[in-house]
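Each chain, written out:
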Amino acid sequence: MDGISRAPASTVRTRVGAAEWEMRVKLAACYRLVERYGMSDMVYTHISARVPGGEEHFLLNPYGMLYREITASSLIKIDLEGRVVDAPDESLGLGINPAGFVIHSAVHAARPDVECVIHTHTRAGIAVSAMKCGLLPLSQHAMRFHERIGYHDYEGPALEDDEKPRLVADLGDRTSLILRNHGLLVCGPTVEQAFNTLYWLEMACKAQVDAMASGAELAMPSVETARKTARRYDPDVRVFGLREWPALLRMLDAADPSYRD
């Protein structure tokens, strides 16, 4: 035997603890929300979450399922070395994306305060990642990240472990990172907060691309205003992501509650 727990997806709920099941449902919901808001990239990006408890185990999507297909039971449990610890039979054959694991494991290993990591390849996110100016404080959404976002230069597909220290250093203690010529990465102490951060960052990128594409002269706020606005969104002032989460789940449940399976 290879040490991997195997079972039909229908039995996952009966063999994991209540805390892990709750995390699985949250993470599956996050996958569905990222898809619903147009931030997925077929099967090529990832959202990970730390499994509650003392072990360094994480949940990740099977490599070959669309975000709209992800359920609480289909998620694969892995360790920090990328070894599969637990997977339903339906997901085990798909495995995990090595590039996704390199990025996510780097952040989880370096940041014990992080529960959830989200990486996207959206059109707007990639566009801003290719701009030398980076993210500009052109909108209220963008000002949330003013002087609070890192940048990581592109080194090719994230397949090499030796990139991890540089990625982690560029992220620092922030919750947002622009991967140059690649996309966006956010993390948070909860799934809810990580999704909120991604949503705002994506909106900021979309607004910047639209404003710059218009060709109109841009109205740039003062540095003082951008800093004051950013301060209003710091987590010690107000925690974002929790208030809207129940409403987002109601939306998912009304449309398709199968993510809870």
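Residues numbered from 1 in each chain as written. Predicted model: local features only at pLDDT ≥ 70, side-chain atom pairs only at ≥ 80, totals over all residues. Heavy atoms only, no water.

**Things to note about the packing of aromatic side chains**
This structure, assessed with the given rule, holds eight aromatic pairs. Summarising the aromatic geometry, the rings of Tyr37 and Phe195 are spaced 6.1 Å apart at their centres and angled 50 degrees between planes, so their arrangement reads as tilted. One end of the pair, Tyr37, is in the loop between helix 2 (18–36) and strand 2 (46–50); the other, Phe195, is in helix 8 (residues 191–214), and 158 residues separate them in sequence. Overall, the relative accessible area of 3% leaves Phe195 in the buried class. The interplanar angle of 45 degrees and the centroid separation of 5.3 Å between the aromatic rings of Tyr233 and Phe240 together place this pair among those described as tilted. Just as Tyr233 is buried, Phe240 falls in that class too. Ring pairs connect the aromatic residues Tyr37, Phe195, Tyr199 and Trp245, which therefore count as one cluster. Positioned over the ring face of Trp200 is Arg144, at 5.1 Å from the centre of the ring. (Phe/Tyr/Trp six-rings, centres within 6.5 Å; stacked < 30°, edge-to-face > 60°. Helix = DSSP H or I, 4+ residues; strand = E, 2+ residues; numbered from the N terminus. Buried < 20%, exposed > 50% of the residue type's maximum accessible area, 1.4 Å probe, protein only. Lys NZ or Arg CZ within 6 Å of the ring centre and 35° of its normal.)

**Some details on the side chain of Thr71**
Secondary-structure assignment places Thr71 in the loop between strand 3 (57–60) and strand 4 (76–79). Residue contacts for Thr71: discarding those within four places in its chain leaves Ala28, Arg32, Ser258, Tyr259 and Asp261. (Contact = heavy atoms within 4.5 Å.)

**Quick word on the environment of Thr45**
As for its placement among the helices and strands, Thr45 is situated in the loop between helix 2 and strand 2. Considered as a pair, Thr45 and Arg174 are 129 residues apart in the sequence and their alpha carbons are 21 Å apart.

**Let's talk about the pairing of strand 5 (residues 84–88)**
Successive residues of a regular strand alternate their side chains across the two faces of the sheet. Inspection of the sheet shows strand 4 paired to strand 5 by two bridges, in the antiparallel sense. Across the sheet, Ile78 pairs through a bridge with Val84, a residue of strand 5. Following strand 4, the chain reverses through four residues before pairing antiparallel with strand 5; Gly82 in that reversal takes a positive phi of roughly 85 degrees. (Pairing = 2+ DSSP bridges.)

**A short note on the nonpolar core**
Ranked by size, the top nonpolar core spans 56 residues in total, and within it Ile47, Leu135 and Trp245 carry the most contacts. With 10 residues, helix 2 is the single largest residue contributor to this core. Trp245 has contacts with Lys26, Ala29, Cys30, Leu33, Val191, Glu192 and Phe195, leaving out every residue within four places of it along the chain. Counting 12 residues, the second largest nonpolar core, distinct from the first, contains Val102, Ile103, Ala158 and Leu171. (Core = buried A, V, L, I, M, F, W, Y, C linked by side-chain atoms within 4.5 Å.)

**Some points on helix 2**
The terminal C-alpha atoms of helix 2, which comprises 19 residues, lie 27 Å apart, in line with the 27 Å expected from a rise of 1.5 Å per residue. Burial of helix 2 is extensive: 14 of the 19 residues sit out of reach of the surface. Just downstream of helix 2 lies Gly38, where phi reads positive at about 70 degrees. (Expected span 1.5 Å × (residues − 1).)

It is worth stressing that arrangement in space is one thing and function is another; only the former is reported here.
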